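# A look at the structure
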Amino acid sequence: MKQEKLIVIDGNALIHRAFHALPPLTSKDGQLVNAVYGFALILFKIYKELKPDYIALTLDKAKKTFRHEEYKEYKATRTKQPDELYAQIPIVKNLAKAFNIPLYELDGFEADDLIGTICHKTEGKVKSIIVTGDMDTLQLIDDDTEVFTLKRGVNDTVIYDAAAVKERYGLKPYQMIDYKGLRGDASDNIPGVKGIGEKTAVELLREFGTLEKVLAAAKKGDKKIKDRYRALLVEHEEDAKMSKHLATIVLDAPIDFRLNENKVVPPDQKKVFDLFQHLGFKSLLSRLPDISGKAVAETKQGDLFGAPSSQLPAPSADFKIRKGYHLVADEKSYESFIKELKKQDTIAIDTETTSLDTITAKLLGIGFCWKSGEAYYLVFNEQPRAASRELRAVLEDNKVKKIGHNLKYDIEILKQAGFEVGGVYFDTMIASYLLNPGSRAHDLDTLAFTEIGYQMTPITALIGPKGKGQITLEQVDVNRVADYCSEDADYTFQLFEKLYSEVEKKNILGLMEKIEMPLIPILAKMETTGVKIDKKFLDKLDKQLEEDRQKIDKEIYKIAGISFNIDSPLQLKEVLFDRLKISSEGIKKIKTGISTAAPELEKLSGRHKIIDYISDHRELAKLQSTYTRALPELISKKTGRVHTSFNQTVTATGRLSSSDPNLQNIPIRTELGSKIRRAFIAEEGYKILKADYSQIELRIVASLAKDKKMLKIFEEGKDIHQATAAAINDVPLEKVTKEMRRNAKAVNFGILYGMGAYGLSWRTKISVDEARKFIEKYFESFSGVKEYLEETIRLAKAEGYVETLFGRVRYIPDINSGVGQIRAAAERMAINAPIQGTAADLIKLAMIEIDKVIKKEFAPNEVKMVLQVHDELVFEVKDVLVKKVAKLVRDTMENVYKLRVPIVVDVEVGDNWGETERIA
């Protein structure tokens, strides 16, 4: 018969490991929950890989144990962990309760003692596997007991049996106590025998077997022990005995443990669902392990541990649209639907299509909802022409408020189908983003789960899992699509009802109504318009980049003395650190050893000439893969243009980002970046016009800080970096050197990101001491800036958030963290967010006002806003209108909002984005 398994979990060890292994992760109420998340991952791994029959969780009590009473210095050297760690222990207890895992903790004893007692009580009955993050329990290993421990992080694990202990330590499991008696344990402040190290301890135990026999041999003067060690053993005999006693795990702690009460049973589904909803662990629901004997679920309502959603649905005959949801696919149902639709002043809409590409996707149908629990799915391709006319009247009516989740997509799809959407009112995705800007989980499924407690039907339940077998919605039974789309529209409407009041309560409704919502149709238009790309130019540039890269590669091989795959981290690591013997001091260690990631290689700059060549190789390779080779593939066959996606809900600061392609990452100041921009061209008869806010973030700093000196510099129209250099170095403007200006520029921009002396030293290649003095002098000269930064951090610590001039909020949950590194990062974030966020709001306002001007002053397609990158707007303008547009754009951007200093916009014109000249 197969031996049954008992899993005994060392809770504290796993919580500590998860807390330090995982990055900060907060619940929606701002509590740090990374340790809970890590614990859940390990728990899932236990169920999946170890398949327990019985399970138990042990935890330390927050009190001293008998070991402290016997030896007051026990664990005295341990640093108290941050409060954020201890605050997660009660949540782990709730997690265990939801999974029906019995918990054991006892005053005066450690979790290890409870583990030892449980394993001892069940000896011969089951196979015990101890799950832990440290090695203290290795002494318990025998024929019935193994240890499952974490090597690195929370995913890399190893199982220890007696053979594995022997292989690693050269000892038998029971000798691990004797080993600690000799060697001690620094983490627990167990002294051992002073002067005896790891190697000597192992050799002595191999020779004599136990601590007692080693001590006896030392007393007898056994010549097998060196004189020095013999003297130490005799001198510290009592320390050795006490150390072994302290290290010995108790096997008879007074706990009431009954094996049958620890039988694995299915979790309490409601408790798991509610807890994961509160913690924001939606992604873990789809990874729930098989505990009930059934496959893992990724389902909507019902059994969380039921059939996998990757299975394709049953035939349509077995499926009925749920009550309250309606399929509109014929004249009769359409008449009834349109009659009700015309009565509404607020509706949620959702579109179903054949793909996510708005340029080529075919519209299959539209979902509508105006009452919670009731929704309609209008099959688009089967409706008579009259339907389009009546539908158009509602969709285009500005008085009928439209709600959606990612409305920009629906607007673009409906535009392709011939409908203009008016009355764009509320986007639940954007509302979620404004409420939780630090999160990226703003998709409808996650929000329905976290805000309403509802598990949405995954798309894979209709079209199957990703891969060759996946079908499109067009191939799915229309009743299933109707149910799916109705659910989306219904829960979008329910989210609107919930999030609207939250946005209003948080005083960010104005930000949403004045900036984010008006921007949606503008971005939709920009995405649909796209931008023209010069494919021939890119092909030519790619060949040039390839030639340059090959030359660099030859230099790398020459320096290395060997040909190797430069893009292989493993091979690169061997060349740099083994072959060339470059010092790896200060370089991050990862799972596979020393990291060769770009930020780590930057630290090596100057240590060896090969480093700069590798950086150049990587830059060229990245430009090729991201632009010269990728952009031609993204040219739409339908329009002949590239259509990037502008994202409003990705960056925490409020800036727009772009994807497919990502145009934010084209190098700004480099020659290569300029060459890539030359590929973005105007159609014949048009010009590219770009308008760029000049040093806008520094102007915002001056305005927020009200620093008199900085305000004066901008008011007089001086070069801010030159003027800063003059102030710091106590020299007249005309005496400022290029190096002085460069260093001053580094400080000016560095303060936006909370940069300290080390950061400035690294950027400017000056010593840390010089950098520190430089920053001190800067703050002496610009005392208003210093006061502003200090006040910003103080307010962030008091309020837990910072905000922009326009009321955009950035929550900083880690600003009072007990972990120095986390707190410092939070302080940098607190400094940067109001500055960068205000700049983001400013350019969004400018886009909204410019769009109004374009509509008022020009005919359709005479002036097209095509790109927004950083602080820059790019237009495609009829060549005869360039001067007029340049003036209107500059005036609008400079006057959209009044700072305490003048806002300056540089406007340039050319045939392409990379080659432009300033226009008056």
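Just so you know, these numbers come straight off a predicted model, no measurement behind them. (Residues numbered from 1 in each chain as written. Predicted model: local features only at pLDDT ≥ 70, side-chain atom pairs only at ≥ 80, totals over all residues. Heavy atoms only, no water.)

With that settled, consider the sheet that holds strand S19 (residues 680–681). Read across the open sheet, the three strands follow the order S16-S13-S19; overall the sheet is antiparallel. Bordering the open sheet on either side are strand S16 (641–642) and S19, each of which pairs with just one other strand. The pairing of strand S13 (residues 531–533) with S16 spans two bridges and is antiparallel. Counterpart to Lys-532 in the pairing with S16 is Arg-641. (Pairing = 2+ DSSP bridges. Helix = DSSP H or I, 4+ residues; strand = E, 2+ residues; numbered from the N terminus.)

Below, the discussion takes up the pairing of strand S25 (residues 905–910). Most of S25 sits out of view: five of its six residues are buried. Alignment of strand S20 (residues 686–693) against S25, held across six bridges, turns out to be antiparallel. Bridge assignment links Leu-689 to a residue of S25, and that residue is Val-909. In this sheet, strand S26 (residues 917–918) lies alongside S25 in antiparallel orientation, the contact comprising two bridges. (Buried < 20%, exposed > 50% of the residue type's maximum accessible area, 1.4 Å probe, protein only.)

Time to look at the nonpolar core. One broad rule of soluble globular proteins: the nonpolar side chains tend to lie buried together. Judged by nonpolar contacts, the single largest core of 174 residues is most densely connected at Phe-337, Phe-368, Ile-610, Phe-680, Tyr-693, Val-785 and Phe-875. Sequence-distant contacts of Phe-368, that is, excluding residues within four places in its chain, are made with Phe-337, Leu-341, Ile-347, Ala-348, Ile-349, Glu-374, Ala-375, Tyr-376, Leu-378, Leu-391, Leu-395 and Ala-489. (Core = buried A, V, L, I, M, F, W, Y, C linked by side-chain atoms within 4.5 Å. Contact = heavy atoms within 4.5 Å.)

Attention shifts here to the confidence of the model for the protein chain. Per-chain confidence: the protein chain averages 89 in pLDDT, with 96% of residues scoring 70 or above. Throughout residues 305–315 the model reports pLDDT below 50, and contacts reaching past four residues in sequence, or to other chains, amount to 30 contacts. (pLDDT = per-residue confidence, 0-100.)

Remark: helix H29 (residues 696–705) packs on helix H36 (residues 820–857), axes separated minimally by 9 Å, with the N-to-C direction vectors making an angle of 115°. Where H29 crosses over H36, the two elements pack in a sense that is right-handed. Within the contact between the two elements, H29 uses Ile-696, Glu-697, Ile-700, Val-701 and Leu-704 and H36 uses Pro-834, Ile-835, Gln-836, Thr-838, Ala-839 and Leu-842. Partitioning the contact of H29 with H36 into residue classes produces eight nonpolar, two polar and one charged. (Axes fitted to C-alpha atoms, helices over the stretch in contact; angles between N-to-C directions. Left-handed = near helix turned anticlockwise from the far one by under 90°. Nonpolar A, V, L, I, M, F, W, Y, C, P; charged D, E, K, R; others polar.)

Attention now goes to the packing of helix H34 (residues 768–781) against helix H35 (residues 783–799). At a minimum axis distance of 4 Å, the contact between H34 and H35 shows a crossing angle of 100°. In terms of orientation, H34 lies roughly perpendicular with respect to H35. Facing Tyr-778, Phe-779, Glu-780 and Ser-781 of H34, the residues of H35 in contact are Ser-783, Val-785, Lys-786 and Leu-789. Split by residue class, the contact of H34 with H35 holds four nonpolar, two polar and two charged. (Parallel < 35°, antiparallel > 145°, perpendicular 65-115°, else oblique.)

This part takes up the packing of aromatic side chains. If you walk through the whole model with that rule in mind, you get 27 aromatic pairs. Ring centres of Tyr-47 and Phe-99 lie 6.3 Å apart, and the angle between their planes is 25°; on these two criteria the pair is classed as stacked. Of this pair, Tyr-47 sits in helix H2 (residues 34–50) while Phe-99 sits in the loop between helix H5 (89–98) and strand S3 (103–104), and the two are 52 residues apart along the sequence. Of the two residues examined, Tyr-47 and Phe-99, each falls in the buried class. Ring centres of Tyr-104 and Phe-257 lie 5.4 Å apart, and the angle between their planes is 55°; this geometry places the pair in the tilted category. With a gap of 153 residues between them, Tyr-104 in strand S3 and Phe-257 in the loop between helix H12 (237–247) and helix H13 (269–279) connect regions that are remote in the sequence. Like Phe-257, Tyr-104 is buried. Three or more aromatic residues joined by ring pairs form one cluster here, namely Tyr-37, Phe-44, Tyr-47, Phe-99, Phe-276 and Phe-281. The ring of Tyr-425 carries the charged tip of Lys-401 above its face, separated from the ring centre by 4.8 Å. (Phe/Tyr/Trp six-rings, centres within 6.5 Å; stacked < 30°, edge-to-face > 60°. Lys NZ or Arg CZ within 6 Å of the ring centre and 35° of its normal.)

Here we come to the environment of Val-265. As for its position among the elements, Val-265 is in the loop between H12 and H13. Here Val-265 falls in the partly exposed class, since its relative accessible area comes to 34%. Sequence spacing of Val-265 and Asn-100 is 165 residues, and the spatial spacing of their C-alpha atoms is 6.7 Å. Every residue in contact with Val-265, bar those within four places of it in the chain, is listed here: Phe-99, Asn-100 and Ile-291.

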